[in-house]
Amino acid sequence: MFPGEMKKAFAQVVKAQKDGQAALEKARGETAALRSLANAARMMDDNPNLLQLRALQAFADSGGNTLVLGLPNGSIPLTKRGDKTSVPPPKEPKEDD
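**Considerations on the overall build of the protein chain**
Looking only at helices and strands, one finds 2 helices and 0 strands in the protein chain. For the protein chain, with 97 residues in total, the buried portion stands at 0%. Surface summary for the protein chain: the accessible area is close to 9,700 Å², and the carbon and sulfur share equals 59%.

**Comments concerning helix α2 (residues 49–62)**
Taking 1.5 Å per residue, 14 residues should reach 20 Å; α2 reaches 20 Å between its end C-alpha atoms and fits that length. Downstream of α2 by a residue or two, G63 has a phi angle that is positive, lying close to 70 degrees.

**Things to note about the pattern of salt bridges**
Summed over all chains, the structure comprises 2 salt bridges. The partner of D19 in a salt bridge is K15, and the shortest N-O contact between them spans 3.1 Å. Residue D19 and its partner K15 are both found in helix α1 (residues 4–46); the two are separated by 4 residues, about one turn of the helix. Judged by its relative accessible area of 51%, K15 is exposed. The salt bridge partner of R28 is E25, with a shortest N-O separation of 3.1 Å. Of this pair, R28 and E25 both sit in helix α1, 3 residues apart, roughly one helical turn. Owing to a relative accessible area of 49%, R28 belongs among the partly exposed residues under this scheme.

Conventions and cut-offs
Every chain is numbered on its own, with residues counted from 1 as its sequence reads. Thresholds applied to this predicted model are a pLDDT of at least 70 for local features of residues and 80 or more for the giving and counting of side-chain atom pairs; totals over whole chains, interfaces and linings are not thresholded and use all residues. Values shown for side chains rest on all heavy atoms present in the structure; no hydrogens or waters enter the calculation. In this description a helix means any DSSP run of H or I spanning at least four residues, a strand means any run of E spanning at least two, and both kinds are numbered starting from the N terminus. Under the scheme applied here, a residue whose accessible area is under 20% of the maximum for its type counts as buried, over 50% as exposed, and between as partly exposed, the area being computed with a 1.4 Å probe on protein chains only. To measure how exposed things are, a 1.4 Å probe is used in the Shrake-Rupley method; for residues, cover is taken only from the protein chains shown. The span one expects for a helix is its residue count, reduced by one, times 1.5 Å. The term salt bridge refers to a pairing of a side-chain nitrogen on Lys or Arg with a carboxyl oxygen on Asp or Glu at a separation within 4 Å.

What follows is the structure, given as structure tokens:
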């Protein structure tokens, strides 16, 4: 048997170890979340339409809402899969130097 002060010290060490492990797990989770956000931001920079698709997905999941979309000029026409009659999007005009 340990004296009372030794028991208290041992309990404090165990608590400190558990607190340290919890802090480490929290930091790992935050790092993973930040990495995921950075990857998503990089993907959206590469393809801006992903943000619009994600917004549509969020609206679809919410249910019971009516969504009215306005499509800007020059938007990419949507076609059915395998449709060979689609028209390619217009090319952007080149700027003269």
